[in-house]
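For reference, the chains in residue letters:
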Amino acid sequence: MAVPFLSFAPQHNPIRDEVLAALARVYDSQWFVLGENVRAFEAAYSTFSGARYCIGVANGLDALHLSLLALGVGPGDEVIVPSNTYIATWLAVSYVGATVVPVEPDPASYNLDPRRIEAAITERTRAIMPVHLYGQACEMRPIMEIARRHNLLVIEDNAQAQGATSHGGLTGSFGHANGTSFYPGKNLGALGDAGAITTNDEEIARKIQTLRNYGSQRKYYNEVIGYNSRLDEMQAAALSVKLQYLPEWTRQRQQIARWYNEKLQGVGDIQIPVVAEGSTHVYHLYVVRTAHRDALQQHLGKAGIGTLIHYPVPPHLQQAYATSGYLVGSFPIAEELANTCLSLPMWPGMTPEQVTTVADEIGAYFN
Ligand SMILES: *Cc1c(COP(=O)(O)O)cnc(C)c1O
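What counts and how
- Residues numbered from 1 in each chain as written.
- Predicted model: local features only at pLDDT ≥ 70, side-chain atom pairs only at ≥ 80, totals over all residues.
- Heavy atoms only, no water.
- Helix = DSSP H or I, 4+ residues; strand = E, 2+ residues; numbered from the N terminus.
- Rg over C-alpha atoms; globule rule 2.2 N^0.38 Å.
- Buried < 20%, exposed > 50% of the residue type's maximum accessible area, 1.4 Å probe, protein only.
- Axes fitted to C-alpha atoms, helices over the stretch in contact; angles between N-to-C directions.
- Parallel < 35°, antiparallel > 145°, perpendicular 65-115°, else oblique.
- Left-handed = near helix turned anticlockwise from the far one by under 90°.
- Contact = heavy atoms within 4.5 Å.
- Nonpolar A, V, L, I, M, F, W, Y, C, P; charged D, E, K, R; others polar.
- Near = heavy atom within 4 Å.
- Polar contact = N/O pair within 3.5 Å; in protein donor to acceptor, adjacent residues only side chain to side chain.
- Areas by Shrake-Rupley, 256 points an atom, 1.4 Å probe, with all protein chains shown as cover.
- Salt bridge = Lys/Arg side-chain N within 4 Å of Asp/Glu carboxyl O.
- UniProt positions renumbered as here; feature names shortened; annotations may be inferred.
- Pairing = 2+ DSSP bridges.
- Domains from an automatic or database assignment.
- Buried area = accessible area lost by both parts, 1.4 Å probe.

(A) Structural detail: the overall build of the protein chain. A tally of regular secondary structure across the protein chain gives 13 helices and 13 strands. In terms of overall size, the protein chain behaves like a compact globule, its C-alpha atoms giving a radius of gyration of 21 Å where 367 residues would be expected to give roughly 21 Å. Viewed in the frame of its principal axes, the protein chain has a C-alpha envelope of about 70 × 55 × 35 Å. Across the 367 residues of the protein chain, 55% fall into the buried class.

Here it is as structure tokens:
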């Protein structure tokens, strides 16, 4: 039995009529940008995230970029980022002219290690950007405590962990401004590109509303040099429908992870995901590690099982950051992860038989 890396079918087929009806209402309303669907989705998503305000934008990268801009992070500032994140976290910092200061992750949870942050703080440090990687919430208590002690801003990158919690608090509710992504494959996915910022600060919310829409609150009056990064009505309408199902989809992801954990425990040198104390994991990705990663991926591919690597090259070794002067060996934990991680098939609606097929094929490789 072939198992694809990702299938939308079990998520999308049962709600097809509901989503298409919502899209038809937008079509008939003849109002396509910044209207009642965006307002309704922003209200629903701020409630879901436990944050007072939500501002819909065009994508997750813009959400991070506009967050940094609204908080006044810019040239001369240093921003602490994980060494093992998706490149978007770093790009947002580079866009505002600030400098990325990578910090290595906890090798067990793969999330930014609070115990390593203080050594990276200088008099230029302005902000910390924790990334809730693969769907696991970072240890936000110590991170917020360090930020308070050093008077730093916190911008959560919550693209992968909608609905995860750290000591009971929801991701996207801790930082001064937090970005998330509704790229189709994310836990809450749009039917194209979309993203949002969550914040508890009214003034920051207003700044971001202005920045996303040409620096304007009142049509044709421009307060600042803004951007065009709006969430559109079609995407907002689809997202409002899908958001209702997200808690159930998250439960399914967590069940699938438990099945994988049971079946992969002790198989070869496979390391299953470790969840830090006080954190929950919403399994945007189910990532294992093995020294035999490339050969195992080939073996699974031949058996029709789709896998991916998140991510094969850490940001500091990307050509885009060649001028930063980092070399192989600069961030050994991130490099080790890049060389050993493998993301297995994971999507809501995946069956126990499909999980068994993947696990058995991994077992077959090690035998
Ligand atoms: C997907 C993702 C983003 C960017 O989101 P887009 O909507 O693709 O721009 C940022 N950070 C992380 C960790 C992501 O996974």
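(B) Region of interest: the packing of helix α2 (residues 16–29) against helix α9 (residues 233–243). Running from N to C, α2 and α9 cross one another at 150 degrees; their axes reach a closest spacing of 9 Å. Between α2 and α9, the crossing angle belongs to the class labelled roughly antiparallel. When the axes of α2 and α9 are compared, the crossing they make is right-handed. For the pair formed by α2 and α9, the contact residues are Glu18, Val19, Ala22, Leu23, Val26 and Tyr27 on the first element and Glu233, Met234, Ala237, Ala238 and Val241 on the second. Residues that form the contact of α2 with α9 fall into these classes: 9 nonpolar, no polar and 2 charged.

(C) Layout of the site of the ligand. Near the ligand, the surroundings consist of Asn59, Gly60, Leu61, Tyr86, Ala88, Val131, Asp157, Ala159, Gln160, Ser181 and Lys186. In this structure, an oxygen atom belonging to the ligand sits 2.8 Å away from a side-chain N or O atom of Gln160. One nitrogen or oxygen atom from the side chain of Ser181 is found 2.7 Å from an oxygen atom belonging to the ligand. When isolated, the ligand has an accessible area of 380 Å², and the protein chains bury 90% of it. In terms of residue class, the shell around the ligand is built from 5 nonpolar, 4 polar and 2 charged.

(D) View of the pattern of salt bridges. Applying the stated criterion across every chain yields a total of 14 salt bridges. Measuring nitrogen to oxygen at the nearest pair gives 3.2 Å for the salt bridge that ties Asp113 to Arg116. Between Glu145 and Arg148 there is a salt bridge; the shortest N-O distance is 3.4 Å. Of the two residues, Glu145 and Arg148 are both situated in helix α7 (residues 140–150); the distance of 3 residues between them amounts to about one turn of the helix. Using a relative accessible area of 35% as the deciding quantity, one classes Glu145 as partly exposed. Ionic contacts of the salt-bridge type, sharing partners, join the residues Asp106, Asp113, Arg115, Arg116 and Glu139 into one network.

(E) Up close: the UniProt feature "active site" (unreviewed entry) in the protein chain. Feature annotation in UniProt places "active site" (unreviewed entry) on Lys186, given in this structure's numbering. Position of Lys186 relative to the elements: it lies in the loop between β8 (178–181) and β9 (195–199). When sequence neighbours within four positions are dropped, the list of residues in contact with Lys186 reads Ala159, Ser181, Arg253 and His284.

(F) Representation of the sheet that holds β8. Read across the open sheet, the 3 strands follow the order β1-β9-β8; overall the sheet is antiparallel. Across the chains shown, the open sheet's two edge strands, defined by having one partner strand only, are β1 (53–57) and β8. Taking the axes of each pair of neighbouring strands and ignoring which way they run, one obtains an average angle of 25 degrees across the sheet. The strands touched by helix α4 (residues 60–70) within the sheet are β1, β8 and β9, with β8 carrying the most contacts at an inclination of about 170 degrees. Contacting β1 and β9, helix α8 (residues 202–212) crosses the sheet at an angle of about 15 degrees to β1.

(G) Region of the structure containing the domain arrangement of the protein chain. Structurally, the protein chain comprises domain 1 (8–103 + 110–241) and domain 2 (246–366). On a C-alpha basis, the centroid separation for the pair domain 1 and domain 2 is 24 Å. With 34 residues of domain 1 in contact, the opposing surface of domain 2 contributes 33 residues. Together, the buried faces of domain 1 and domain 2 total about 3,000 Å²; carbon and sulfur atoms form 61% of this surface. Broken down residue by residue, the surface that domain 1 buries against domain 2 is led by Tyr110, Tyr134 and Asn187, which jointly contribute 25%. At the boundary of domain 1 with domain 2, the tally comes to 0 salt bridges. Linking domain 1 with domain 2 are 16 residue pairs in polar contact (both at pLDDT 80 or more). Only α1 (9–12), α5 (87–95), β3 (99–103) and β6 (165–166) provide two or more residues apiece to the side of domain 1 that touches domain 2. Within the side of domain 1 that touches domain 2, the residues separate by chemical class into 16 nonpolar, 15 polar and 3 charged.

(H) Spatial organisation of the side chain of Asn111. Relative to the helices and strands, Asn111 is located in the loop between β3 and α6 (114–117). Side-chain polar atoms of Asn111 contact the backbone nitrogen of Leu133, separated by 3.0 Å. Of the polar contacts made by the side chain of Asn111, one reaches the backbone oxygen of Ala137; its length is 3.4 Å. The residues touching Asn111, leaving out its near neighbours within four places in the chain, are Pro105, Asp106, Val131, His132, Leu133, Gln136, Ala137 and Cys138.

(I) Up close: unusual backbone geometry. Here the bond from His310 into Tyr311 is cis, since omega is 10 degrees, no more than 30 degrees from zero. The topology assignment puts Tyr311 in the loop between α11 (293–302) and α12 (332–340). For Gln30, which is not glycine, the phi dihedral falls at a positive 65 degrees. One can find Gln30 in the loop between α2 and α3 (36–49). With a phi angle near 60 degrees, Tyr214 is a residue other than glycine that sits in the positive phi range. Its location among the elements puts Tyr214 in the loop between α8 and β10 (216–218).

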